[in-house]
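Residues per chain are reported as follows:
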Amino acid sequence: MKDRSNWLTAAAVSVFVIATGTFMFGKMTMNIKSADIRRDASGGIGKALQSYSAECIAGRKGWISAGSMISDAIRGNTVNGVYVSDNRLIDADISKRGSSAGCAGSINGFAGWYDGAVYIAAVPTSSGVYGDTVPSYIMKTTEKQQIDSFYSQLDTSIRRIDAYNILKMMSDEHIYFSSDTKWTMYGAYCVYRTVIQKLGFQPVSYDKYNIRHVTGEYRGDLYSRTLYMKCEPDILDIYEYPEGTKVTSCVSYSNDGKVSVCSLYDTDALGSEDMYDLYLGGEKPLVRIRTDVNNDRRLLVIGSRCAASFVPFLTQHYSEIAVISPEAMNKPITSLLEPNDYEQTLFLIGIDSVESENFKFIEMRELS
Amino acid sequence: MEYSSLFFIYCFLPVSLLLYYCVPNKLKDMSLLLMSMAFCGLAGLPYLAYVMVFTLVNYTCARHIYILSSKKDGRYKLIPMAAGMVFNIAGLFILRMDCFAWIRHSVRLPEGFFPVGVSLFTLSATGYLIDVYSGKYKADKNFVRFALYIMMFPRLLMGPVLRYDIFKRILRTRRIGFQEIGKGAAVFIKGLAKKVIAADTLYSMYSSVDSINVSDLSAGTAWMGISAYILCLYFTLSGIADMGVGIGYCFGFSFPQSFNYPLFSSRIRYFASRWHLQVIHWFRKYITRSFSARFKNRYVRKMIYVAAWTLAGFWYGFDAGSALWGALMGISIVIEKRLSNSKMLKATGIIYTFLLTTVFAVFLSCDSLKDSFRYIFAMLGGNHALADMQTLYLMKSYLVLLIIMMYASTDLFRNILIRSGRSRIKAAINAAAPAVGLLVLIICTALIAYSGSSDMILLRL
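Residues numbered from 1 in each chain as written. Chains lettered and ligands numbered in written order. Predicted model: local features only at pLDDT ≥ 70, side-chain atom pairs only at ≥ 80, totals over all residues. Heavy atoms only, no water.

Asks: Can you walk me through the overall build of chain A in this structure?
Replies: What chain A contains, in helices and strands, is 12 helices and 13 strands. Its C-alpha radius of gyration of 23 Å places chain A within 12% of the 21 Å reference for a compact globule of 368 residues. Its C-alpha atoms give chain A principal-axis dimensions of about 90 × 50 × 40 Å. Across the 368 residues of chain A, 54% fall into the buried class. (Helix = DSSP H or I, 4+ residues; strand = E, 2+ residues; numbered from the N terminus. Rg over C-alpha atoms; globule rule 2.2 N^0.38 Å. Buried < 20%, exposed > 50% of the residue type's maximum accessible area, 1.4 Å probe, protein only.)

Right, dumping it as structure tokens:
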């Protein structure tokens, strides 16, 4: 009886392992890029293969979704480092973020040689605003502390804007997606009202905008981490100001200098894997926007992903806006544009992205 | 690389088994060695280089000990013996102790480099050198077999630490077949479940308590935290050990189990004889017995016994807290032997053993001795609170789980199976075993599908 049981176990497990393994191995060998593995291989090539194999398992979404349900049942409210509350998902792994010293140093370096005025708004994620709903033993630090520490490392000439308290005060409103770390367009608008006054303009009042819901099926980065089915999808909005100024051109530049036409709202992205690319068409090293505002004011925005939904509000005030995404860059900023052509620079940086090494490109100047 | 990773379970293990089963018998050891080298190489080339150099040095030293001991003036065998011992022990200290980080930097080892299993294969190799030196057996000429003794991947991460003659016998008496794969798969899945389901869940409970400042801990929270720690430690170590044993079965080797349900033993000494069996046995054989034989005074012998336990504790963590854990275990066993007839001890056996081993575990879990004493102070209610909201929250979230895990860490279920004899219950369990095994494998796969692996936690040996 025991022998038959062993035989059956061997047969069942072998069939399952071989079927799963063949698919995984096939997908890994087809898609693998040695550069990706090299980049990830700090803990040994095996470590990189371990995480890469997770992306190649057949029916990955189904596995993660099932894992989330099992984890929820046996481990309580935390799934893959995401806290599952009654009405939203919150990143509980914020204590694992890297140091902000490199980013702060690069911004200081930039401010050192830049001739214009530099402003910065460090934007909290949903963990910063709703973190107090998570038990303290799960959320071991706060984003407020991280923002304060980041600001304390910046040069005194850089003008700081307190986005955290603005958003905290508005926390009852729909300022963050329930399944994403990023803010909604309304959250961006709340911060815009303060930022634009610091930059020397009066904000456009909220009631002048026509707000259009373009989809009710948005699921953000926290959903991708958990595939937690009980989380309701969110609405993505577009803010339009019919009586306002118009965008005359919107052009994006890749690292190799390729130019393509883009728009403030790329509705084609609604059919893509990441619907947040609706705003400015996703991350690109440089997007240059020209408007029919006749004041010859030019603004340089250097920002992380959350900046994309903020930029449409700025178009009402400047004749030209250049948006730089450090995450998408691989060479110095001066190879894309001359920052000193812009009299103001606004850093709009998600506090979850300050650990990125790409900020080093901001302070670098290409030798002419 | 972890055993509990998708890449290992679904790519590395099936490919290595396929290769092993396809090659002729005389090449099986060589194929297994190549797969073991690949396993080490995947953990990083510095790791592979270290293991290869380690193997070569120990092989050479053992051969020279043997050759010199067979000559007329055998005292020169002390030279290769000393060289091998110094190399092994220095390597272990340099790689495991923070105070030697400057040496690691100076030889340009990558940041955070740690050859997993180094503590275990160092024990194996050191024991081998001592045995060859004392003439228990010859130094093996077969380099492939010796290299397998050091780096065979099924026993690389968690042992078992075996004597070389026992290892050779296991190699000689291997039984290859589809049924062995079934037996191995069942043991592997049991280990995987211990690690992925039990240990990782308990770890989230332990880390919840660990994140609270010790001076704010109520007694209830502190007890729940340290109970989660000891259970988590047990399920992690025994889970990885079971996975290794299961892989061994698949390759036809019957490695012994390393843990025999120690947690709810009725005496501390039973706990000690069931916890990491081969490691504790190694210290008893090579330290306690070797030194005790030279002294007749029983108090000196007791001191040697405690010192061996202290060394075993130090081997776990390479810090003062771990050494103190070992010393306390040794002292408790010595005292317990004196009180073995006490009625009090008989009545409270399981409870007092669990309480003591749990309190001792504080020294393994905390970063410093000061923190350990502060934690014990909190466990005794020294922070002026027996329970608080945190305790209630933890009880609400984890109490049922904790009780289930406590039950799972005992041998009660196994005893039911044994006592059921040839009854229908046993037949039903055997019939359901393949489906249950597959289901558990699917659950574990789902739980690690996001990250790709379940990493080693709490201790790195």
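Asks: What am I meant to see in the pattern of salt bridges here?
Replies: Side chains that differ in sign of charge can pair as their charged atoms come close. Residues and elements named next belong to chain A. Summed over the entire model, instances satisfying the criterion amount to 22 salt bridges over all chains. Glu 240 serves as the salt-bridge partner of Arg 212, at 3.4 Å between the closest nitrogen and oxygen. Of this pair, Arg 212 sits in strand S6 (residues 210-218) while Glu 240 is found in strand S7 (residues 234-240), placing the two residues 28 residues apart along the sequence. Between Glu 320 and Arg 290 there is a salt bridge, and its shortest N-O distance comes to 3.3 Å. Placement of Glu 320 in strand S12 (residues 320-324) and of Arg 290 in strand S10 (residues 286-291) is noted, with a sequence separation of 30 residues between them. For Glu 320, a relative accessible area of 5% gives the class buried. Overlapping salt bridges, with partners in common, bring together Arg 288, Arg 290, Arg 298 and Glu 320 in one network. (Salt bridge = Lys/Arg side-chain N within 4 Å of Asp/Glu carboxyl O.)

Asks: Help me out: how do you make sense of unusual backbone geometry in this one?
Replies: Even without a glycine there, the phi angle at Asp296(A) is positive, about 55°. As for its placement among the helices and strands, Asp296(A) is situated in the loop between S10 and strand S11 (298-303). The backbone of His276(B) sits at a positive phi, close to 40°, despite the residue not being glycine. Examined against the element boundaries, His276(B) turns out to sit in the loop between helix H11 (268-274) and helix H12 (277-292).

Asks: Quick question: what am I supposed to make of the interface of chain A and chain B here?
Replies: Interfaces are often sized by the accessible area lost when the parts come together. The interface of chain A with chain B comprises 48 residues on the first partner and 51 residues on the second. Here chain A meets chain B over a buried area of about 4100 Å², counting both sides, of which 70% is carbon and sulfur. Along the contact surface separating chain A from chain B lie zero salt bridges. Taken together, the connections running from chain A to chain B amount to zero residue pairs in polar contact (both at pLDDT 80 or more). Contributing elements (two or more residues each) for the side of chain A that touches chain B: helix H1 (2-31), helix H3 (45-56), helix H4 (60-75) and helix H10 (221-226) of chain A. Counting residues per element, the side of chain A that touches chain B draws most heavily on H1(A), which supplies 19 residues. Grouping the constituent residues of the side of chain A that touches chain B by class yields 24 nonpolar, 17 polar and seven charged. (Contact = heavy atoms within 4.5 Å. Buried area = accessible area lost by both parts, 1.4 Å probe. Polar contact = N/O pair within 3.5 Å; in protein donor to acceptor, adjacent residues only side chain to side chain. Nonpolar A, V, L, I, M, F, W, Y, C, P; charged D, E, K, R; others polar.)

Asks: Explanation requested: the side chain of Glu180(B) in the structure shown.
Replies: Structurally, Glu180(B) can be placed in helix H9 (residues 178-210). Setting aside residues no more than four positions away along its own chain, Glu180(B) makes contact with Arg175(B), Tyr249(B) and Cys250(B).

Asks: So what exactly am I meant to see when it comes to the nonpolar core here?
Replies: For soluble globular proteins, the rule of thumb is that nonpolar side chains tend to be buried together. One finds Phe8(B), Phe153(B), Trp275(B) and Tyr375(B) to be the most contacted residues of the largest nonpolar core, which totals 173 residues. Here this core gets 19 residues from one element, more than from any other, and that element is helix H10 (residues 219-250) of chain B. Residues from two domains meet in this core; each of domain 1 (1-58) and domain 2 (91-363) of chain A gives at least three. If we ignore the near neighbours within four places in the chain, the residues touching Phe8(B) are Met1(B), Glu2(B), Tyr3(B), Leu13(B), Pro14(B), Phe39(B), Phe153(B), Phe188(B) and Ile247(B). (Core = buried A, V, L, I, M, F, W, Y, C linked by side-chain atoms within 4.5 Å. Domains from an automatic or database assignment.)

Asks: Would you take a moment to explain helix H7 (residues 143-152) of chain A for this structure?
Replies: For an α-helix the count is 3.6 residues per turn, leaving residues at separations of three or four pointing the same way. All names here are of chain A. Along H7, the positions that sit buried rather than exposed are Glu 143, Gln 146, Ile 147, Phe 150 and Tyr 151. Each buried residue of H7 sits inside an arc of 130° when the element is viewed along its axis, so together they form one side. On its buried side, H7 packs onto helix H5 (101-113), strand S4 (117-123), helix H6 (126-130), strand S5 (159-161) and helix H8 (163-169). (Arc of directions from axis to C-beta.)

Asks: Please clarify how the sheet that holds S4(A) should be interpreted in this entry.
Replies: Each strand in a sheet pairs with another by means of backbone hydrogen bonds, the pair being arranged parallel or else antiparallel. Residues and elements named next belong to chain A. Strands sit in the order S5-S4-S13-S11-S12-S10-S8-S9 across an open sheet of eight strands; the sheet is mixed. Looking along the sheet, the strands with just one partner apiece sit at the ends: S5 and strand S9 (259-261). Between one strand axis and the next, the sheet turns by 20° as a mean value, whatever way the strands run. Sitting on the sheet, H5 touches S4, S11 and strand S13 (344-350), and the angle it makes with S13 is about 175°. Contacting S4 and S5, H7 crosses the sheet at an angle of about 160° to S4. (Pairing = 2+ DSSP bridges. Axes fitted to C-alpha atoms, helices over the stretch in contact; angles between N-to-C directions.)

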